[in-house]
Amino acid sequence: MSRLTPENVEVAKEIIARYPRPKSALIPLLHLAQEQDGYVADDAMEHLAELVGITPAEVLGTCSFYEMFKREPVGKYMINVCTNISCQLLGGEELLHHAEKTLGIRPGGTTDDGLFTLEDVECIAACTEAPCLQVNYRYKYKLDNADFDAMIEDLRTTNKDNIPPHGTLAEQRQHIPADKLAGIGSPEDTTTPEWFSKRLPVEEPKEENA
Amino acid sequence: MTTAEPTEAVTGVPFTLNGTELVAEEGELLIDACDRNGVHIPRFCYHNRMKPVGMCRMCLVEVDTGRGKALQPSCMLPVTPEMKVETESEATKKAQDGVLELLLANHPLDCPVCDKGGECPLQDNAYAFGPGETRFVEEKRHFKKPIPISDLVKLDRERCILCDRCTRFASDVAGDPLIHFIDRGSQTQVNTFPDHPFSSYFSGNTVQICPVGALTAEPYRFKARPWDLEAVESTATVDSTGARVVLQSSQNEIVRVLGVDSDAVNWSWLSDKERFSYEATAKGDRIEQPLVKNEETGMLEATRWNNAAKKVGAALRVEPDRIAAVGGARMPLEGQYAWAKLLKGVVGTDHVDAQLDDGLPGPLVLGLPRATINDACKPGGVVVTIGADLKEELPTLFLRLRHAVVEDGVKLIELTSTATHLSDFATVRFDVTPGSVGQFATAIAKQAGADLDFDVADESGLVEAQADKVAAAAALLDGSVPVTIIVGRGNLAESPRFTSDAVGIFRRLNDDFQFMPALRRGNINGALEMGLVPGFTPGGVQRESAQLDTWPDVPDFDGMDTKEIFRAAAEGRIDTLLLLAANPLQDFLDEDLVRRALANVKTVIAVDGISTETTDLADVVLPAALFGEVDGTFVNLEGRLSPLRAKVTPPSQARPDWMIPAELAIVLGVELGFTTIDELHSELSEVLPSFADIDWDTLGSSDDGPVLKLNRSWNIEFGKPAAAPPATSAFRLVATRKLWDQGTMVQESPSLASLPSEAAIHLNPDDIERHGFVGDSVTVRIGDQTHTIPLTSDVRVNPTTASIPVCLPGFDARTLITGRSTTAVEIRPNGTT
């Protein structure tokens, strides 16, 4: 997998145009690449470097800082089991062990069928619902081993919650119409954004002792 | 206890350092102020030629700005009034202890097998400021080691302390951000992107500034230990920037070259060519003995010096008009003067030219008022570049100019043949096509108010189409700020006439504009100054007005330049041809003409240190000592005189260049007047006013070297610029040069020999689309010949021009250069004719 598709290049250009400097668009573009391939491929990083005018090393420097940008292929479903303190007290580690046994992989591994990647993670901020996990960053709360097996079975078959493949950000991509732009549309564009001219006049604060 | 010795009281910021009241300069960083006052603060990440980042925390000191004492990194802290600084306090020492303990937490301490051991800032600081013991028992970080990050540099990530020096250098100084922090977090490491090596022309600098042994240079790895090295300061001779270097040798072999922080020239930076091409002298195919061709076998055979000298002497006893010499830019100044005196003053020929028709006219270069690098880079000024991409030709000058333009706001106007590595930062950049630079200069000068009695010749509308740029450039050149014009030869397929015309226009626009000749070859400025150029004697004096009391004679005719010399030789009008460290078969644009010339000359005498295809064809070969083997001096493009010093002995019978003509003179029955280099220096000081005040013994030992006063009393007449001939095809040729090429110094250095890339024709992407070129190559037609040449899409190439570097492996681009003033080429999609 690889460079951005022609359709995604168009999306990328639109994203780049939202920023005063092209390289400011790097993080959204890395998301776009990850959405396309399920991970950020080396070729994709090279392509992004070309698009924003920096070197691939600089793209890698940014990309590798973020744990959630995967630079190796991962399964269609990324399962993150929390083992931080609340979950640990309520059976998070046992749940992780069960997941390892059920899926036949260690944390960081991917099942042979390419469906699941297992990770152990630190607190995912759902302590009241411990033990918990995420599937492609969608929460599942208070699971026991049977719940986990049922979840896996469902993902293999019906996927009733309609969880999209790893990397998918949103089903509806945001297109910002020109009149709603928060800033200039492109670095060359020096016209004042429409919203700026339309905004209501700001009342001058009154002098305190007036 | 370190004692602070206050320097001259400057008007500035008063502060207290370890109880002593001192004055810092406005905006000066605390670490610099301490350095200046003799208080050393340990540091790893701070480098005085780069912006501070405060990465390593080694320079923490206790500072009280009136709100109580606190530990602050002195490299990030400008001195403020009444600041009280303690560099020796308990808290400071504890901080230094702690920082070093943490820096060593992951450092492998493999000092006994590390190249840096013995000269390592981490080692030194650990001894001087460290805790002595560590409390860490945990496993250290492990990485595969070492990994090559380029052909020249290896990286050991375990030794790295993440100071950000190499990465800052790559992005901020060199502009090649090909190394970066990757996997930031507990696994932070410096690395490249896979398959995108750190192939920067400046990669060696990262090795020099690495404060640990993480970055090592391939040519020096495991060659020597620092305490076994002997060192001497010298000057890099591979190009005309004249960067100051220190040569280090072990067992009579140069093993390393480091940059010296010369404020006027190279700021401690070197290009990899300056840094690593010393290998050519140590490992190249050296000529060690005089060689004479055996008349029967036609083979060169070793002989004794006096045999060879006798043979050369006989060849020099012909009509002066039938003797010619080409080359001499590689030599130290002393060799150039001695050869000029022998050829012009004793033999009496004026057919002497140090340039191989690839530079600029000698009279032009000699006659222009010179700028220094610091003049050109001074904030507030304007620099105009005419010619080539300095990164390829004079890379160290490029670094200085890049800093001036990017950091110091110097305005740049580019009139170069292709876009350069500075174009992104240029205030005005013109799309110049071959032959048009003089017209752009005319348009700019007219707009800026110059009184010119001719109009712009702009039939194609090229200048008109860039009228707004002309106006912007004219506004910058209105004379309100200092202007430096850096002028070189950007296109070998274009007559230098167009460039000198443009220079003439700027000369007429404003007398105060200063110039810097961007000629590439090593000591070419010394060669021109010493009279290795037709029509001149040493000191930039025209032949007719020469007053040289110590010379027996001066030529009584005006000599030919290199191209005319080879033409005359090919027609049998030259009997004796001397090649002074020149390799015209490789470097002259018309290889066929050189072959015919060499075949039709009775005696070809080559003086060189390294065997080349040209020396192989000579009748007599005289072995010369090279860089690092002889004492001497060097004149850089500013006219700055700096020392060349010997560190190792020349191989076998090779001699310093100046001795060779001195000995030949004796064969001719004349004394040149000097038998030691000191006597030669005395003569230079005596006969040349610009050298009168030179103190030869201390030259450049404590300063940057004196700038010779080269300004001339005579003026060149500049007239209407020549117009380019009408375009006869869609593309005009731009023949450029690359840093890594097939030249002798690169090819004879084992570490550099494989670096040149294959020759390819570069076209603007718009042109490629417009003409429907597809695939990896195109067909180029010149006359009745067609060539299939690899194609590269390159936004740096101006539209309607086709750029190709000469002297690269693969296709020999010299064969495309046919035009007298410009060269038109026909390019077709591959497979068509």
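Here the residue numbering is sequential within each chain, running from 1 through the sequence in written order. Think of it this way: whatever chain is written first is A, whatever ligand is written first is 1, and the rest follow in order. At least 70 in pLDDT is required for a residue's local features to be given in this predicted model, at least 80 for side-chain atom pairs to be given and counted, and no such filter applies to totals for whole chains, interfaces and linings, which use all residues. For the side-chain quantities, the full set of heavy atoms in the structure was used; hydrogens and water were omitted.

1. So, the overall build of chain A
Working step 1: Numbering of helices and strands runs from the N terminus, with a helix taken as a DSSP run of H or I at least four residues long and a strand as a DSSP run of E at least two residues long. What chain A contains, in helices and strands, is 8 helices and 4 strands.
Working step 2: When the helices and strands of chain A are read in sequence order from the N terminus, they spell out α-α-α-α-β-α-α-β-β-β-α-α.
Working step 3: Here a residue-residue contact requires only that any non-hydrogen atoms of the pair lie within 4.5 Å. For chain A, restricting intrachain contacts to residue pairs at least 6 apart in sequence, the fraction spanning at least 24 positions comes to 64%.
Working step 4: Reported accessibility uses the Shrake-Rupley method at a 1.4 Å probe radius. Residues are deemed covered only where the shown protein chains occlude them. Carbon and sulfur atoms provide 52% of the accessible area of chain A, an area that totals close to 12200 Å².

2. Some points on the packing of aromatic side chains
Working step 1: Planes of paired rings set the category: under 30 degrees apart is stacked, over 60 is edge-to-face and the rest tilted, where pairs are Phe, Tyr or Trp rings (Trp by its six-membered ring) whose centres lie within 6.5 Å. Considering all chains together, one arrives at 14 aromatic pairs over all chains under this definition.
Working step 2: Judged by centre distance (5.9 Å) and plane angle (35 degrees), the ring pair of tyrosine 77 of chain A and phenylalanine 116 of chain A falls under tilted. Of this pair, tyrosine 77 of chain A sits in strand 1 (residues 77–82) while phenylalanine 116 of chain A is found in strand 2 (residues 116–121), placing the two residues 39 residues apart along the sequence. Accessibility assignment for this pair places tyrosine 77 of chain A and phenylalanine 116 of chain A in one class, buried.
Working step 3: Aromatic pair phenylalanine 731 of chain B and phenylalanine 773 of chain B: ring centres 6.4 Å apart, planes at 35 degrees, arrangement tilted. Here phenylalanine 731 of chain B, found in strand 30 (residues 731–736), pairs with phenylalanine 773 of chain B, found in the loop between helix 24 (765–771) and strand 32 (777–782); they are 42 residues apart in sequence, far enough to count as distant. With respect to class, phenylalanine 731 of chain B is no different from phenylalanine 773 of chain B; both count as buried.
Working step 4: A connected cluster of aromatic rings, assembled from ring pairs, spans Tyr337, Trp551, Trp658 and Phe674 of chain B.
Working step 5: Note on geometry: a ring has a charge over it if NZ (lysine) or CZ (arginine) is within 6 Å of the ring centre and within 35 degrees of the ring normal. Stacked on the ring of tryptophan 305 of chain B, the Lys or Arg arginine 655 of chain B has its end atom at 4.3 Å from the ring centre. Accessible area is worked out with a 1.4 Å probe on protein chains only. A residue is then buried under 20% of its type maximum, exposed over 50%, and partly exposed in between.

3. Description of the domain arrangement of chain A
Working step 1: Domain delimitation in this document rests on an assignment produced automatically or drawn from a domain database. In terms of domain boundaries, chain A breaks down into domain 1 (6–71) and domain 2 (77–156).
Working step 2: A separation of 29 Å is found between the C-alpha centroids of domain 1 of chain A and domain 2 of chain A.

4. What to know about a negative patch on the surface
Working step 1: A grouping of Asp42, Asp43 and Glu72 of chain A together with Asp195 of chain B is seen on the molecular surface, where their side chains present a negatively charged patch.
Working step 2: In this structure, aspartate 42 of chain A sits in helix 3 (residues 42–52).
Working step 3: Residue class for aspartate 42 of chain A comes out partly exposed when judged on its relative accessible area of 34%. Like charges within 9 Å and nonpolar side chains (Val, Leu, Ile, Met, Phe, Trp, Tyr) within 5 Å are joined into patches, using only residues over 30% in relative accessible area that form no salt bridge. In the sections that follow, a salt bridge refers to a side-chain nitrogen of Lys or Arg positioned within 4 Å of a carboxyl oxygen of Asp or Glu. None of His or the chain ends enter the tally, which takes Lys and Arg as positive and Asp and Glu as negative. Here the site of a charge means atom NZ of a Lys, CZ of an Arg, CG of an Asp or CD of a Glu.

5. Overview of the interface of chain B and chain A
Working step 1: On the side of chain A, 13 residues touch chain B, which itself brings 12 residues to the contact.
Working step 2: The term buried area denotes the loss of accessible surface (1.4 Å probe radius) that occurs when two parts are joined, taken as the sum for both partners. Carbon and sulfur atoms supply 64% of the area that chain B and chain A bury against each other, a total of about 1100 Å² over both sides.
Working step 3: When residues of chain B are sorted by the area they lose upon contact with chain A, Pro177, Arg184 and Phe193 of chain B head the list and together hold 51% of the total.
Working step 4: Inspection of the region where chain B meets chain A yields 1 salt bridge.
Working step 5: Polar contacts, as used here, are pairs of N or O atoms within 3.5 Å; protein pairs need one atom able to donate a hydrogen and one able to accept it. Residues neighboring in sequence count only if both atoms are side-chain atoms. Applying the counting criterion to the chain B and chain A interface returns 5 residue pairs in polar contact (both at pLDDT 80 or more).
Working step 6: Of the residues forming the side of chain B that touches chain A, the biggest block, 4 residues, is contributed by strand 8 (residues 179–182) of chain B.
Working step 7: Classifying every residue of the side of chain B that touches chain A gives 7 nonpolar, 3 polar and 2 charged. Under the grouping applied here, Gly and all other residues not named as nonpolar or charged are polar, the nonpolar ones being Ala, Val, Leu, Ile, Met, Phe, Trp, Tyr, Cys and Pro and the charged ones Asp, Glu, Lys and Arg.

6. Concerning empty space enclosed by the protein
Residues and elements named next belong to chain B.
Working step 1: Using protein atoms alone on a 1 Å grid, points that fit a 1.4 Å probe yet trap it form a cavity, whereas open point sets bounded by protein on both sides within 12 Å along at least five of seven lines form a pocket; residues with an atom within 4 Å of a point count as lining. Grid points are joined across faces, edges and corners, and a volume is the space filled by probe spheres set on the points. Under the definition given, this model contains 9 cavities of 30 Å³ or more.
Working step 2: In this structure, the largest cavity encloses a volume near 750 Å³.
Working step 3: Along its surface, the largest cavity is lined by 40 residues, and Val238, Arg330, Arg521, Ala581 and Met745 are the ones closest to its centre.
Working step 4: Put simply, the parts of the chain that give the lining of the largest cavity at least two residues each are helix 12 (390–393) and helix 23 (744–747).
Working step 5: Classifying every residue of the lining of the largest cavity gives 17 nonpolar, 11 polar and 12 charged.

7. Some remarks on the sheet that holds strand 1 (residues 13–17) of chain B
Residue and element names in this part refer to chain B.
Working step 1: Here a strand pair is declared whenever DSSP counts at least two bridges between the two strands. Taken together, 5 strands build an open sheet; the order of strands is 2-1-5-3-4 and the sheet is mixed. For this open sheet the edge positions go to strand 2 (20–24) and strand 4 (69–73), each flanked by a neighbour on one side alone. The average angle at which neighbouring strand axes cross in this sheet is 35 degrees, direction not considered.
Working step 2: Two elements, strand 3 (residues 60–64) and strand 5 (residues 83–86), share 3 bridges in a ladder whose sense is antiparallel. By the bridge assignment for strand 5, valine 63 is matched with valine 85.
Working step 3: Axis definition: a line fitted to C-alpha atoms, limited for helices to the stretch in contact. Angles are taken between N-to-C directions and run from 0 to 180 degrees. Helix-sheet contacts for helix 2 (residues 90–103) involve strand 3, strand 4 and strand 5, and the interaxial angle to strand 3 is about 150 degrees.

8. Looking at the packing of helix 6 (residues 92–103) of chain A against helix 7 (residues 145–156) of chain A
Residue and element names in this part refer to chain A.
Working step 1: Here helix 6 crosses helix 7 at 40 degrees, and the two axes come no closer than 10 Å. One element, helix 6, and the other, helix 7, form an angle in the oblique class. Relative to helix 7, the crossing made by helix 6 is right-handed. Each of Glu94, Leu95, His98, Ala99, Thr102 and Leu103 in helix 6 lies in contact with helix 7, whose residues at this interface are Asn145, Phe148, Asp149, Ile152 and Arg156.
Working step 2: Split by residue class, the contact of helix 6 with helix 7 holds 5 nonpolar, 3 polar and 3 charged. Roughly parallel means an angle under 35 degrees; roughly antiparallel, over 145; roughly perpendicular, 65 to 115; everything else is oblique. Left-handed is the label given to a crossing in which the near helix is rotated counterclockwise from the far helix by less than a right angle, and right-handed is the label when the rotation is clockwise.

9. Description of the pairing of strand 29 (residues 641–644) of chain B
Residue and element names in this part refer to chain B.
Working step 1: Bridge count for strand 28 (residues 632–635) against strand 29 is 4 bridges, and the pairing is antiparallel. Across the sheet, residue valine 635 finds its bridge partner in strand 29, namely leucine 641.
Working step 2: Remark: 5 residues form the turn of the hairpin made by strand 28 and strand 29, two consecutive strands paired antiparallel; glycine 639 in that turn has positive phi of roughly 85 degrees.

10. What about the domain arrangement of chain B?
Working step 1: Per the domain assignment, the segments of chain B are domain 1 (12–88), domain 2 (291–359 + 524–624 + 658–693), domain 3 (363–518) and domain 4 (731–829).
Working step 2: Summarising the inter-unit geometry, the C-alpha centres of domain 1 of chain B and domain 4 of chain B are found 53 Å apart.

11. Focus on the sheet that holds strand 21 (residues 483–487) of chain B
Residue and element names in this part refer to chain B.
Working step 1: Read from one edge of the open sheet, 5 strands run 20-19-18-21-22, paired in parallel fashion. Among the strands making up the open sheet, the edge pair consists of strand 20 (428–429) and strand 22 (514–517).
Working step 2: Summarising the sheet, strand 19 (residues 411–416) and strand 20 pair through 2 bridges and their orientation is parallel. Bridge pairing in strand 20 places glutamate 414 opposite arginine 429.

12. Comments concerning helix 20 (residues 591–600) of chain B
Residues and elements named next belong to chain B.
Working step 1: Along helix 20, the residues classified as buried are Leu593, Val594, Ala597 and Leu598. Angular distribution of buried residues about the axis of helix 20 spans 130 degrees; they occupy a single face of the element.
Working step 2: Buried residues along helix 20 sit in contact with helix 18 (562–570), strand 25 (576–580), helix 19 (584–587) and strand 26 (603–608). Arc, as used here, means the arc of the directions from the helix axis to the C-beta atoms.

13. A few points about the side chain of serine 203 of chain B
All names here are of chain B.
Working step 1: Residue position: serine 203 is located in helix 5 (residues 203–209).
Working step 2: Given the relative accessible area of 1%, serine 203 is considered buried.
Working step 3: With residues near it in sequence (within four places) discarded, serine 203 still touches Ser150, Leu152, Val153, Phe198 and Asp272.

14. Quick look at a nonpolar patch on the surface
Working step 1: Taken together, Ile85, Leu89 and Leu90 of chain A make up a surface patch of nonpolar side chains, about 350 Å² in accessible area.
Working step 2: Looking at the secondary structure, you find isoleucine 85 of chain A in helix 5 (residues 85–89).

15. Observations regarding unusual backbone geometry
Working step 1: Each neighbour pair has its own omega, and for alanine 130 of chain A with proline 131 of chain A the value is -10 degrees, a cis peptide bond.
Working step 2: Mapped onto the fold, proline 131 of chain A is located in the loop between strand 2 and strand 3 (133–135).
Working step 3: With a phi close to 65 degrees, arginine 57 of chain B is a non-glycine residue in the positive phi region.
Working step 4: Within the element layout of this structure, arginine 57 of chain B appears in the loop between helix 1 (30–36) and strand 3.
Working step 5: Overall, the relative accessible area of 37% leaves arginine 57 of chain B in the partly exposed class.
Working step 6: Positive phi outside glycine occurs at tryptophan 267 of chain B, with the angle close to 50 degrees.
Working step 7: Tracing the chain through its elements places tryptophan 267 of chain B in the loop between strand 13 (253–259) and helix 6 (272–276).

16. Focus on the state of the cysteines
Residue and element names in this part refer to chain B.
Working step 1: Cysteine sulfur pairs qualify as disulfides if the two atoms are within 2.5 Å. Evaluation of the coordinates by the stated rule reveals 0 disulfides over all chains.
Working step 2: Of all cysteine sulfurs in the structure, the one in cysteine 163 sits closest to cysteine 166, which takes part in no disulfide; the separation is 6.3 Å.
Working step 3: With relative accessibility at 11%, the residue cysteine 166 sits in the buried group.

17. Some thoughts on the pattern of salt bridges
Working step 1: Within the structure shown, the criterion is met by 60 salt bridges over all chains.
Working step 2: The closest approach of N and O atoms between lysine 70 of chain A and glutamate 119 of chain A, which form a salt bridge, is 2.6 Å. Here lysine 70 of chain A, found in the loop between helix 4 (56–63) and strand 1, pairs with glutamate 119 of chain A, found in strand 2; they are 49 residues apart in sequence, far enough to count as distant.
Working step 3: Classification of lysine 70 of chain A by relative accessible area gives buried; the value is 8%.
Working step 4: Taking relative accessible area as the criterion, glutamate 119 of chain A reaches 15% and is therefore assigned buried.
Working step 5: Here glutamate 218 of chain B makes a salt bridge to lysine 154 of chain B, at a shortest N to O gap of 2.7 Å. Here glutamate 218 of chain B, found in the loop between strand 10 (215–217) and strand 11 (230–235), pairs with lysine 154 of chain B, found in strand 7 (residues 153–155); they are 64 residues apart in sequence, far enough to count as distant.

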